[in-house]
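If you want the building blocks of each chain, they are given just below.
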Amino acid sequence: MDSDWDHAHTTAPADNQAPRGLAESDADWRRRLEQTPNGHLLRDNAMLRSLASGAPVHLLHLTRSLDAVRSSGQLLASTGCLVGAVYGSPLTPEPGSALRPHNLGSHLLASRDTLDSRRGSIPLVIEIVPDRPAPAVGLDYLRLGPVHLRAYEAQRHVLTPAEHERVVRSVTDRVHVAGPFLDTLLYNAGGRPSADRPFVDALAAAVPVLPYLGYLYFETVAEYLMLHSSSAATKECAARGEMNNHLYKDLAFSAVNGMDTLFDLGRFHPGHGRLLDLLGRIEPTLAPGAAAYVRRRVSHTFAAACLAHDQDTTTVRFRRAGRGELAAVPPGLLGQLLFREVRILERYPQLYHVFEQAKAMEAWAYWNARGVVTPFNDACGPKGEVGLNPAAPGARVTVWTAETCERGLLHPLEQIDAAPAPRLVPWLVAPLRDRTEEQRWNNRSTVPS
């Protein structure tokens with residue numbers, strides 16, 4: 001079990017678990033990324049220093065359930081990129097009692113009046129006093145496929161035979177349809193490059209069939225923007241030791257209609273021309289190099305995240321897999337696909353805790369065994385998404401309501417009698433669910449290779 005969680009945590013030796021045949025290792029990529037204009041922030045930024053210092057850590061957390069927090073005395077964890085943590089972003093103490101939000105936090109606060117998903121939310125300040133210093137530990141949710149797979153195999157008994165059959169049939173049909181493009185990803189990862197523009201267009205066409213690819217695509221472009229940007233705003237963030245989160249937020253909301261209601265990266269699939277247009281509006285000088293970066297980075301990340309360590313990038317071929325051959329799908333990819341397929345079942349709101357609580361409990365056990373109190377999202381670098389491990393045994397946690405001043409600083413107001421609890425929030429997305437993913441799949445066309 002721990003090897004699967006090691007695979008998902010960026011502080012573990014990932015190259016020891018990488019498939020064979022990769023043209024470039026994770027270490028090769030890390031060296032390349034650190035040589036970009038903002039690459040120094042990958043190894044040394046304000047958030048990482050704070051998390052590893054052993055000093056109190058302050059996080060901004062937005063809640064739309066303040067009354068429930070007050071009445072229950074519990075601060076619950078959420079799923080998503082941090083599996084089962086209380087989601088937040090860093091706050092830096094200023095003179096007096098004020099706290100300066102990370103630029104991600106500033107975006108979250110500013111968007112409360114414009115995004116349906118955050119409207120009416122209340123800012124909370126969470127102070128975490130760890131019992132000892134510990135290394136900052138990142139989690140890459142794109143590599144959670146083996147964890148998702150194990151959860152599905154352990155909990156599939158709660159599905160009816162018809163539901164299980166539907167899930168399996170849909171997953172294998174999706175792989176069958178997208179197989180030629182998935183082989184293109186492996187050709188690239190193994191050192192047999194394809195042309196940049198057709199690759200991006202084929203990737204865009206494949207996302208509605210395999211929405212997991214939309215997450216890979218988006219995180220890659222977000223990484224490209226944050227590491228290569230030379231704008232004045234990015235330089236200002238870097239001077240504070242922060243990656244510029246506004247870049248990829250602008251990208252997401254410009255690229256996909258409805259992101260303000262339901263933030264779903266499985267809908268991110270701009271073709272080549274649209275991608276260059278989006279980047280041209282954000283920072284024009286970055287558009288020319290984007291396609292080549294996307295081709296190389298998405299291909300490597302897909303192979304490294306989705307194939308098992310005993311598989312060979314140069315010999316695995318998806319187009320050989322026939323319909324219904326679940327065993328032919330590499331475990332990392334299979335887990336990601338099963339995870340997303342279960343989420344579009346009609347009964348998923350009732351099954352949510354069955355599948356997600358089991359994964360969260362594994363995450364808490366893993367973090368506690370390693371003294372991790374504040375894991376952070378490291379899918380495309382330590383950009384500013386930090387979680388509180390709600391099961392951390394030694395940390396002291398204090399929670400306040402807060403308000404912002406005209407300078408954009410947060411000021412704690414009222415201490416709340418609440419503590420983090422190792423439980424997940426209810427399935428809040430249920431009222432927002434639509435059938436867009438299912439419709440995209442049902443209306444699919446052939447995916448180009």
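For the structure given in this document, a descriptive report is provided here.

What counts, and at which threshold
Residues numbered from 1 in each chain as written. Predicted model: local features only at pLDDT ≥ 70, side-chain atom pairs only at ≥ 80, totals over all residues. Heavy atoms only, no water. Helix = DSSP H or I, 4+ residues; strand = E, 2+ residues; numbered from the N terminus. Buried < 20%, exposed > 50% of the residue type's maximum accessible area, 1.4 Å probe, protein only. Contact = heavy atoms within 4.5 Å. Areas by Shrake-Rupley, 256 points an atom, 1.4 Å probe, with all protein chains shown as cover. Lys, Arg positive; Asp, Glu negative; His and termini not counted. Charge placed at Lys NZ, Arg CZ, Asp CG, Glu CD. Pairing = 2+ DSSP bridges. Phe/Tyr/Trp six-rings, centres within 6.5 Å; stacked < 30°, edge-to-face > 60°. Lys NZ or Arg CZ within 6 Å of the ring centre and 35° of its normal. Salt bridge = Lys/Arg side-chain N within 4 Å of Asp/Glu carboxyl O. Core = buried A, V, L, I, M, F, W, Y, C linked by side-chain atoms within 4.5 Å. Arc of directions from axis to C-beta.

Turning our attention to the overall build of the chain. Scanning the chain for helices and strands turns up 16 helices and eleven strands. Its C-alpha atoms give the chain principal-axis dimensions of roughly 65 × 50 × 40 Å. For the chain, buried positions account for 57% of its 449 residues. Restricting the contact set of the chain to residue pairs at least 6 apart, pairs at least 24 apart contribute 78%. When the accessible surface of the chain is summed, it comes to about 18000 Å², and 51% of that surface belongs to carbon and sulfur atoms. Each charge sign in the chain was given a centre, from 47 positive and 48 negative side chains, and these centres are 3 Å apart.

Listed in full, the buried residues belonging to helix H11 (residues 246–255) are Leu247, Tyr248, Lys249, Leu251 and Ala252. The elements touched by buried residues of H11 are helix H5 (103–110), helix H9 (212–228), helix H10 (232–239) and helix H12 (272–282).

Our next topic: the pairing of strand S1 (residues 57–63). For S1, a buried count of six out of seven residues is recorded, marking the element as mostly surrounded by other parts of the structure. Direction of pairing for S1 relative to strand S3 (residues 86–93): antiparallel, over a ladder of three bridges. Pairing of Leu59 across the sheet is with Pro90, part of S3.

This paragraph deals with the packing of aromatic side chains. Within the structure shown, the criterion is met by twelve aromatic pairs. Between the aromatic rings of Tyr217 and Phe268, the centroid separation amounts to 4.9 Å while the plane-to-plane angle is 70°, which identifies the pairing as edge-to-face. Here Tyr217, found in helix H9, pairs with Phe268, found in the loop between H11 and H12; they are 51 residues apart in sequence, far enough to count as distant. The side chain of Arg297 reaches across the aromatic face of Trp29, ending 4.7 Å from its centre.

Let's shift gears to the environment of Leu413. With respect to the secondary-structure elements, Leu413 resides in strand S10 (residues 410–416). Separated by 371 residues in sequence, Leu413 and Leu42 have C-alpha atoms that sit 34 Å apart. The residues contacting Leu413, other than those within four sequence positions of it, are Trp400, Thr401, Ala402 and Glu403.

A word on unusual backbone geometry. Within the chain, Val83 stands out as a residue other than glycine whose phi angle is a positive 65°. Mapped onto the elements, Val83 comes out in the loop between strand S2 (74–77) and S3. On the basis of relative accessibility, which here comes to 7%, the residue Val83 falls in the buried class.

Take the environment of Cys237 next. Relative to the helices and strands, Cys237 is located in helix H10. Each C-alpha atom, one on Cys237 and one on Asn103, is 7.3 Å from the other, the two residues being 134 residues apart in sequence. When neighbours within four sequence positions are excluded, Cys237 is seen to be in contact with Asn103, Glu242 and Asn244.

Oppositely charged side chains may form a pair once their charged atoms are brought near each other. Evaluation of the coordinates by the stated rule reveals 29 salt bridges. Here Arg296 ties to Glu24 by a salt bridge, and the two come within 2.9 Å at their closest N and O atoms. With Arg296 in helix H13 (residues 290–306) and Glu24 in the loop between helix H1 (2–8) and helix H2 (26–34), this pair connects stretches of sequence that are 272 residues apart. Classification of Arg296 as partly exposed rests on a relative accessible area of 34%. Judged by its relative accessible area of 18%, Glu24 is buried.

Most often, soluble globular proteins have nonpolar side chains that are buried together. Residues Leu182, Leu213 and Phe302 are the most contacted members of the largest nonpolar core, which totals 127 residues. It is H9 that contributes the most residues to this core, twelve residues altogether. Residues within four places of Leu213 in sequence aside, it is in contact with Phe181, Leu182, Leu185, Leu203, Ala206, Val207 and Phe302. Grouped together as the second largest cluster of nonpolar side chains are eight residues, Leu60, Val125, Trp400 and Leu410 included.

The next subject is H2. Taken together, the buried positions of H2 are Asp26, Trp29 and Leu33. Projected down its long axis, H2 carries its buried residues within an arc of 60°, all on one side. On its buried face, H2 sits against H9 and H13.

Read these as geometric descriptors, not functional statements.
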